[in-house]
Amino acid sequence: MVPLPPVGYPTRWEADVVLRDGGTAHVRPIRPSDAELVAAFHSRQSEESRYMRFFAPMPRLSTRDLERFTNVDHVDRVALVATVGEDIVGIARFDAAPARAGSRRAAEVAFNISDAHQGRGLGSVLLEHLAAAARERGIRRFTADVLPQNAKMIGVFREAGFEVRQGYSDGVLEVAFDIDPTERSVDVMRAREQRAEARSVQALLSPTSVVVVGASRTPGSVGHRLLADVVTGGFAGAVHAVNADAEPGELLLGVPVVRSVRDLPGPVDLAVVAVPAASVGPTVTDCASQGVRGLVVVSSGFAETGPEGLALQREVVRIARANGMRVVGPNSYGVVNTDPAVRLNASLYADMPPAGRFGLFSQSGALAVAVLSSAERRGLGLSTFVSAGNRADVSGNDLMQFWLDHEGTDAVGLYLESVGNPRKFSRVARALARKKPVVVVKSGASGFGVPPGHAVRASRAPFEAVDSMLRQAGVVRVENVHQLFDVAQVAVHQPLPEGSRVAIVGNSDALGTLAADACVSWGLQVAHGPVAVPSYAGVETFTAALEAAFTDPGVDAVVASWVPPTPEVDPLVAAAVARTAAAGAKTTVTCFLGTRTVSAAVAGASGSDGTAAPADVPVVPSYPTPEDAVRALAAVVRYAQWRRRDPGHPLAPDGVDLRAARALVERELAAAGDEAAESVELDQGAVQALLAAGGVDLLVRAEVRSVDEAVAAAERLGWPVALKTVGEELAGRQDLRGVRLGISNASALAEAVADMRQVFGRGADVLAVQRMAGLGVPCLVRSTEDPLFGPVVSFGVEGDPLDLMGDVAYRIPPLTDVDVAELVRSVKAAPKLFGHRGSPVLDVDALEDVVARVAVLADALPEVAELRLSPVLVSEEGARVLGASVTLAPPQDRADPDRRTLPT
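Along each chain, the written sequence defines residue order, and numbers are assigned to residues from 1. Note on the predicted model: pLDDT of at least 70 is required for a residue's local features to be given, and 80 or more for side-chain atom pairs to be given and counted; whole-chain, interface and lining totals, by contrast, use all residues. With hydrogens and water set aside, each side-chain value is computed from the structure's full complement of heavy atoms.

*Asks:* Give a detailed account of the nonpolar core, specifying residues and quantitative values.
*Replies:* What is meant by a nonpolar core is a set of buried Ala, Val, Leu, Ile, Met, Phe, Trp, Tyr and Cys residues, joined one to another through side-chain atoms within 4.5 Å. Any residue under 20% of the maximum accessible area for its type is buried, any over 50% is exposed, and the rest in between are partly exposed; the area is computed with a 1.4 Å probe on protein chains only. One finds Phe358, Leu399, Phe425, Val438 and Phe485 to be the most contacted residues of the largest nonpolar core, which totals 105 residues. Secondary structure elements are taken from DSSP: a helix is a run of H or I of four residues or more, a strand is a run of E of two residues or more, and numbering for both begins at the N terminus. With 10 residues, helix H19 (residues 626–644) is the single largest residue contributor to this core. Setting aside its immediate chain neighbours within four residues, Phe358 contacts Leu380, Gly381, Leu382, Ser383, Thr384, Ala411, Val412, Gly413, Leu484, Phe485, Ala488 and Val492. Counting residues in each nonpolar core, the second largest holds 50 residues, with Ala672, Leu698, Val850 and Leu867 among its members. Contacts: residue pairs with any heavy atoms within 4.5 Å of one another.

*Asks:* Pulling in residues and values, what's your account of the sheet that holds strand E20 (residues 411–416)?
*Replies:* Pairing between two strands is assigned when DSSP locates at least 2 bridges connecting them. In space, the 7 strands of this open sheet follow the order E17-E16-E19-E18-E20-E21-E22, with mixed pairing throughout. Only two strands of the sheet have a single neighbouring strand rather than two, namely strand E17 (344–347) and strand E22 (476–478). Each strand axis lies, on average, 20 degrees off the axis of its neighbour in the sheet, ignoring direction. Bridge count for strand E16 (residues 334–337) against E17 is 4 bridges, and the pairing is antiparallel. In the sheet register, Val335 faces E17, and the bridge partner there is Ala346. The convention used is that axes are lines fitted to C-alpha atoms, helices contributing only their stretch in contact, and that angles between N-to-C directions extend from 0 to 180 degrees.

*Asks:* Which residues make up a negative patch on the surface, and what values do they have?
*Replies:* Patch definition: residues with relative accessible area over 30% and no salt bridge; like charges joined within 9 Å; nonpolar side chains (Val, Leu, Ile, Met, Phe, Trp, Tyr) joined within 5 Å. Values of accessible area rely on a 1.4 Å probe in the Shrake-Rupley scheme; residue burial ignores everything except the protein chains shown. In what follows, salt bridge is the name for a side-chain nitrogen of Lys or Arg lying within 4 Å of a carboxyl oxygen of Asp or Glu. In this tally, Lys and Arg are treated as positive and Asp and Glu as negative; His is ignored, and so are the chain termini. Charge positions are represented by NZ for Lys, CZ for Arg, CG for Asp and CD for Glu. There is a patch of like negative charges on the surface, built from Glu108, Asp145, Asp170 and Glu174. Positionally, Asp170 belongs in the loop between strand E7 (165–169) and strand E8 (172–178). By relative accessible area, Asp170 is classed as exposed at 78%.

*Asks:* Give a detailed account of the environment of Thr784, specifying residues and quantitative values.
*Replies:* Looking at the element boundaries, Thr784 is found in strand E32 (residues 777–786). Remark: the alpha-carbon pair of Thr784 and Arg357, spanning 427 residues in sequence, is separated by 40 Å. Other than its neighbours up to four places away in sequence, Thr784 contacts Gly790, Pro791, Val792, Ala865 and Glu866.

*Asks:* So, the sheet that holds strand E26 (residues 587–592): which residues are in play, and what are the values?
*Replies:* A sheet is described by the order of its strands in space; here 4 strands give the open sequence E24-E23-E25-E26, paired in parallel fashion. Taken across any chain shown, the strands that pair with only one partner, and hence form the sheet edges, are strand E24 (525–532) and E26. The sheet shows a mean angle of 15 degrees between the axes of neighbouring strands, direction not considered. Helix H17 (residues 571–584) rests against strand E25 (557–562) and E26 of the sheet, and its axis sits at about 170 degrees to E26.

*Asks:* For the environment of Ser362, give the residues involved together with the corresponding values.
*Replies:* Inspection of the secondary structure assignment puts Ser362 in strand E18 (residues 355–362). Judged by relative accessible area, Ser362 falls into the buried class, the value being 1%. In this structure the C-alpha to C-alpha distance between Ser362 and Asp849, which are 487 residues apart in sequence, comes to 40 Å. Leave out the neighbours within four places in its chain, and Ser362 touches Ala368, Phe385, Val386, Ser387, Ala388, Gly389 and Tyr415.

*Asks:* An account of helix H1 (residues 35–44) is needed here, citing residue identities and associated values.
*Replies:* In an α-helix, one turn spans 3.6 residues; hence positions three or four apart end up facing the same way. If you check which residues of H1 are buried, you get Val38, Phe41 and His42. Each buried residue of H1 lies within a common arc of 95 degrees when the element is viewed along its axis, so the set occupies one face. Tucked inside the fold, the buried residues of H1 contact helix H2 (47–54), helix H3 (63–70), strand E4 (87–96) and strand E5 (106–113). By definition, the arc is the one covered by directions from the helix axis to the C-beta atoms.

*Asks:* Just give me the short version of the packing of aromatic side chains, but keep the residues and values in it.
*Replies:* Any Phe, Tyr or Trp ring, taking Trp's six-membered ring, that has another such ring centre within 6.5 Å forms a pair; planes under 30 degrees apart are called stacked, those over 60 apart edge-to-face, and the others tilted. Counted by the stated rule, this structure contains 9 aromatic pairs. Ring centres 6.1 Å apart and planes at 40 degrees place the aromatic pair Phe94 and Phe142 in the tilted group. Placement of the pair is Phe94 in strand E4 and Phe142 in strand E6 (residues 141–146), with a sequence separation of 48 residues. By relative accessible area, Phe94 is classed as buried at 0%. Relative to Phe157, the ring of Phe111 lies with its centre 5.9 Å away and its plane at 70 degrees, an arrangement referred to as edge-to-face. Note that Phe111 is positioned in strand E5 and Phe157 in helix H5 (residues 151–158), a separation of 46 residues in sequence. Residues Phe111 and Phe157 agree in their burial class; the two are buried. Three or more aromatic residues joined by ring pairs make a cluster, and in this case those are Phe94, Phe111, Phe142, Phe157, Phe162 and Phe177. Whether a charge sits over a ring comes down to the Lys NZ or Arg CZ being within 6 Å of the ring centre and within 35 degrees of the ring normal. Across from the ring centre of Trp642, 3.9 Å away, lies the NZ or CZ of Arg434, which sits over that ring.

*Asks:* Before we move on, can you summarise the packing of helix H6 (residues 183–205) against helix H11 (residues 396–404) with the specific residues and values?
*Replies:* Where H6 meets H11, the axes come as close as 8 Å, and the angle between the chain directions of the two elements is 95 degrees. With respect to each other, H6 and H11 are oriented roughly perpendicular. When H6 is examined against H11, the residues Glu193, Gln194, Glu197, Ala198, Val201, Gln202 and Leu205 are found in contact with a partner set consisting of Asp398, Leu399, Gln401, Phe402 and Leu404. When residues are sorted by character, Ala, Val, Leu, Ile, Met, Phe, Trp, Tyr, Cys and Pro go into the nonpolar class, Asp, Glu, Lys and Arg into the charged class, and all the rest, Gly among them, into the polar class. Split by residue class, the contact of H6 with H11 holds 6 nonpolar, 3 polar and 3 charged. Working definition: roughly parallel below 35 degrees, roughly antiparallel above 145 degrees, roughly perpendicular at 65 to 115 degrees, and oblique for all remaining angles.

Have a look at this one:
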């Protein structure tokens, strides 16, 4: 039973973390009830470790010491502990120094890591979490006194990526560093995260021993199927089985069976669990006692069944992570690793899938069998396969971290029913896509919601934001599993194309025309052909036509199609295509009617003249129709273009003062008090100050309530002026007469005020006077804080494109300069900015600068629920912000925080 936290205990600081070796630990604030655990931790430490921490021999902690260490206020005195099982294995704390005017608030820190857990990265993890807690309390600098011989602790500080300063005093090393995240500290944290999460997946996919818990004697049952698949798949390690009714010395499928995991002869790496849902928790506890490193839970009856099942699922994950284990599932179809050194088929798929270089992840257990069957039919070999089921712990993000450096995987496919952490997905997928193609099926475009069992925060972002996130990350988005494998066949078996110039060669004018039409439709350039050899032509004639296409320097990819004169494909023709393609070293797709790989057309067949089919034919993707072939090719062409493109640089516009912006936001929320429980809208003065901190100039406007006030404002701001309604629904809407432009004198202004009040009545009690900004194209730049995505930046050209067509583009910060440029250019109305139909080319650089500054503010300030710039008037020389509104709300914990955590 987990004790209830004391009053004032910051539960949000609790987190599960993955350590350097792939194991897990739990980080939480210390509690008064931890006194005995702290004393036990201290007693287990060596004399040297105790001396390093306290600078003196201290064999035991006094009652007074324990009370002081465990009773903290979680504000000026904070302590975090890391636990594995029931034991504390690390302690980190800070004591804040009194605030001094004009200086950054500092705190003294101290760390103590268990001797038994040295080298697992606990110190760096605790430093990240302690720094995040300190920043939340307004502390921006850490200091520490360290003995010079304490090289490990000094290394933790130096290797964290912060700018560390040090000096000596009385034989003690004095260390100090600012704890605001830097580009280097974030890079260090992300690299450590990737290595740790990759190793945790490695432990699941490459065990040296496996136990099937719930192994059954009944053929056809889940427990029997799992054990049979592990055994017949040829697993290279030791196999064990657990059945609660096992007889002494019993063998099942040649495997010794015991009644409990606790009865196993020794530690086991991987447990595959197929017991009733209510028994999974106790089974996980037994696994912890036996040193199991990972779990694949095939059992159902968890979150997919409702709230009680969700609670049970969370408890299973809590027990597993607390004891150092990762969990695949529950409701998983299993995992597969075809590496000959492992040969693990811990799944419900009867046959070990053919070995290959395609990594596959599926959230859906129900679709897993269809996915595996489809890969096998196409002859697409797999390196690894994971079915996440309810995705309670291990997710697609973990698998992508693993595949990043996995030498046996050349391309990756993911079937996603939901994305629990889009910010991290975008970051991890982008890193992986820079090295390997990532093909994604994302269901849910119809808006029918998240499948039962998937714990995902509610999102207000439109589905287009998901699409933009995937495009931004460089993944290949496809509509269904059929297309996933279409693209995968090219990604795995063919080189990436150098460009979009295509040659079309076949023996049918009709197929050539279909292929050419498809190329035009998908944005490819037909640079060679279509060439159609006579239908009666033989292998030599067709090969010569292909060789001409491959040797054409103006060709980047080849589409080859062949209509056989008989119902079966001549394997000699197929082999000729494959070998010519291999020699030509250009991306090749084919249409051999009725086949999906050229090697499949060759296998087991003989030529039309009785000649034996060639052996060792290179694999070339083949598709039932030219349209399928070209669509797959186009997807890979776009991916290759993205990969060659400059990824850009993280946004760092000049003149952005995030410290001032953060202080303003905190001040405004504090001043709002209880009113800020939901949200608070800033007045124009605060809006202008916040934008100024971001380096954005807001054209001054004056809100007026009478003609005299309007005239005085115009005299102060300068003629000519614009008169506008204040409400968001009417401001800028010329079609509703909510704005008057080019007012050049007092009488015209008085007439405009009277006209406004006649049209809008009480809606025109307060009006806004603003100096005219000249002509230009009005645009919308907006950021919103979404519960799931975090900050979402959107852009559109105002007027009919926005109002009638919903022409809006989205990006998920953090952004690069290239992301910003693509955002502006991705809306349909973008040509209006670039000289459409003889209009002047506008200052898009200035517009992108405004977008970049909004993106930086949005990324740094989760309290900004909405920041809306409307209109941003883009002219030939500059971009002026004429209107702005900002809504603040208490910050939500973002799904991808500034410290390493596992999702809850």
